[in-house]
Structures are given as structure tokens and as C-alpha cells.
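# Close look at the chain arrangement
Below are the chains, spelled out letter by letter.
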Amino acid sequence: MKLFLDTANLQEIREVASWGILDGVTTNPTLCSKEDMPFETLIKEICSVVSGPVSVECVSTIADDIVVEARKLNQLAPNLAIKIPATIEGLKATRVLSSEGIKVNMTLVFSPSQALLAAKAGASFVSPFIGRLDDISHFGLDLVQQILTIYENYDFPTEVIVASVRHPGHVVEAALMGAHIATVPYAVMEKLVKHPLTDIGIERFLQDWKKVINK
Ligand code: E4P
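All of these numbers come straight from a predicted model, not from anything done at the bench. Per chain, residues are indexed from 1 in the order of the written sequence. In keeping with the predicted nature of the model, local features appear solely for residues at pLDDT of at least 70, side-chain atom pairs appear and are counted solely at 80 or more, and the whole-chain, interface and lining totals rest on all residues. Hydrogens are left out, water is left out, and the side-chain values use all remaining heavy atoms of the structure.

### Focus on the overall build of the protein
- In this text, helices come from DSSP runs of H or I with a minimum length of four residues, and strands from runs of E with a minimum of two, each type numbered from the N-terminal end. Secondary structure summary: the protein contains 11 helices and eight strands in total.
- Taken along the three principal axes of its C-alpha coordinates, the protein extends 75 × 40 × 30 Å.
- The proportion of buried residues among the 215 residues of the protein is 45%.
- Restricting the contact set of the protein to residue pairs at least 6 apart, pairs at least 24 apart contribute 57%. When a residue's accessible area, from a 1.4 Å probe over protein chains only, is under 20% of the maximum for its type it is buried; when over 50% it is exposed; and in between it is partly exposed. Throughout, a contact is declared for two residues whenever any of their heavy atoms are within 4.5 Å.

Put into C-alpha cells, the structure is as follows:
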């Protein structure tokens, strides 16, 4: 399973990149708004830290405008994926951009039918937002399973990015289902590795090691 970091914060990206497990980054307008740097400079900098795909979102809503904006964004770095919301205009733009070889990440996906159409339009990635579904008492992970089944049934090459991840359980369940990618906020990424029994175990071993070297 590939792990992406869901942030536009360079410090967090550099930190997780140093762990040796980072496969990519996803940003969105909200995440970018939290950073104190001009947008294009920020995206170029992120793309230089991470070799895998970095998703950056289009804010245009009409197909022709999305295409123009996506082509411009795509020139910022060689490892970009362009996020386009799952709308009819987004599908039209995705068809044009994917045939030009531009990687599209169809975002704000909340239904299996949206994911089916995203794959048919040639999206490289599809991002079901599972936490936001959980927030309204749906089961976000059910959506991930449905999308994976549909893609498997028809051999679609589109990769599923499990997005809007809230806790480690989301990542584990997505991995058990065989989802290709999870994009994870920094706080959850830390929780993926931390375990109190590991810390207690280290502490005990260090104490006992003192007895060994003092013999
Ligand atoms: C994914 O690409 C999005 O940036 C993100 O996962 C949205 O998560 P949120 O629902 O926590 O805002």
C-alpha cells in the first residue's frame, strides 16, 4: 500500500519523507490556505521534496477553464497530479487531460457511480472521502470496498486514494481491502507507528541493558 501525506506543510512533508515510507502528497485549497507561502512556490517546493505524485487542486468549475488551469498547474513540476472534483464538467476536463497524459486525481468522491465515471474518463486516481461520509453517519469504508470491486470487475487501472482519513483504523481497514493508497494527515501518520507497549518495552530493555554493561 502506498502512503501519501495529506498536507501542504513543508515541515511535515520533510519529516515524514525522512522516515523513508512516503510515496506522495495530497493538497487541497484548504490545506494550502494554512501555509504562509505563495501558492506556486509552495507547490514547487513540495514537489522537490517528494519524488512521488503531488496532488494539487483546480478551482475552476467549467470544463474549458479546468483544462486551461490544469495544464498551467501541471507545468509547475514533473510529478504533479491534478485534482478535479467529480462533476460533469470535471469528467469532461478529465477526458481531455488524461488523453494528453496529464494525471488526474478525481476528488470529492462520495459514491461508487462517481468513481466508475472517473475511471471511464481516464482518471489516474480517485479519492473517496471516507471521514466526511462517516461524519454524516454513513460508512466511508463501504464506499472504498465498492469502488475496489468495480475497478477489479473491469480491470480499470485507476488507483484508489483513500482520503479524509481520521484515524489509524481507517488505514488498516483500507489496507485489508487492498486499497492502493491512503492519504493520511500528519497526526494520524504518527499514530500509525506509535504504540505504548513499544515505548514501555524500550524503556525496560534500556534499564536492563545497564545491568548487562555494569557486570
Ligand atoms: C484528500 O485528498 C483531501 O485533501 C483530504 O483527505 C480531505 O480530508 P478532510 O475531510 O479531513 O478535509
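Read on for the rest.
### Let's talk about the nonpolar core
- Among buried residues, those of type Ala, Val, Leu, Ile, Met, Phe, Trp, Tyr and Cys that are joined through side-chain atoms within 4.5 Å constitute a nonpolar core. Judged by nonpolar contacts, the single largest core of 58 residues is most densely connected at Leu80, Ile82 and Val162.
- Examining the composition of this core, we find that six residues originate from one element, helix H8 (residues 140-153), more than from any other.
- Discounting chain neighbours no more than four positions away, the residues touching Val162 are Pro128, Ile130, Val144, Ala174, Ala179, Ile181, Ala182 and Thr183.
- Of all hydrophobic cores here, the second largest spans five residues; its members include Phe4, Ala81, Phe125 and Ile161.

### Considerations on the side chain of Ser60
- You can see Ser60 is positioned in the loop between strand E3 (54-57) and helix H4 (63-74).
- Here the side chain of Ser60 touches Glu69 through a polar contact of 2.5 Å, side chain to side chain.
- Not counting residues within four places of it along the chain, the set of residues in contact with Ser60 comprises Asp65, Ile66 and Glu69. N or O atoms within 3.5 Å of each other form a polar contact, as long as, within protein, one can give a hydrogen and the other can take it, and as long as residues adjacent in sequence are counted only when both atoms are side-chain atoms.

### Describing H4
- Along its 12 residues, H4 runs 16 Å from first to last C-alpha, staying within 8% of the 16 Å computed at 1.5 Å per residue.
- Every buried residue of H4 is accounted for by Ala63, Ile66, Val67, Glu69, Ala70 and Leu73.
- Buried residues along H4 sit against helix H3 (39-49), E3, strand E4 (80-85) and helix H5 (88-99). Expected span of a helix, by definition, is 1.5 Å for each gap between consecutive residues, and there is one gap fewer than residues.

### Section: the sheet that holds E3
- Strand pairing requires that DSSP identify at least two bridges connecting the strands. Pairing is parallel around the closed barrel formed by eight strands, whose spatial order is E1-E2-E3-E4-E5-E6-E7-E8. With direction set aside, neighbouring strand axes in the sheet form an average angle of 30°.
- As paired elements, strand E7 (residues 159-162) and strand E8 (residues 181-184) share two bridges and run parallel to each other. Looking at the pairing, Ile161 lines up with Ile181 of E8.
- Relative to E4, H4 is tilted by about 160°, and along the sheet it contacts E3 and E4.
- Relative to the sheet, helix H10 (residues 186-193) contacts strand E1 (2-6) and E8, its axis offset from that of E1 by approximately 140°. To get an axis, fit a line to the C-alpha atoms, keeping to the stretch in contact for a helix; angles then go from 0 to 180 degrees between the N-to-C directions.

### Looking at the site of the ligand
- Proximity is defined per residue: if any heavy atom of the residue lies within 4 Å of a molecule or strand, that residue is considered near it. All residues adjacent to the ligand are Asp6, Thr26, Asn28, Lys83, Phe129, Arg132, Ala163, Ser164 and Arg166.
- Taking Asp6, its side chain carries an N or O atom lying 2.7 Å from an oxygen atom of the ligand.
- Ser164 is positioned such that a nitrogen or oxygen atom in its backbone is 2.7 Å from an oxygen atom of the ligand.
- Alone, the ligand offers 340 Å² of accessible surface; in the complex the protein occludes 85% of this.
- Residue type decides the class: Asp, Glu, Lys and Arg count as charged, Ala, Val, Leu, Ile, Met, Phe, Trp, Tyr, Cys and Pro as nonpolar, and the leftover types, Gly among them, as polar. Each residue belonging to the shell around the ligand can be placed in one class, and the counts come to two nonpolar, three polar and four charged. Values of accessible area rely on a 1.4 Å probe in the Shrake-Rupley scheme; residue burial ignores everything except the protein chains shown.

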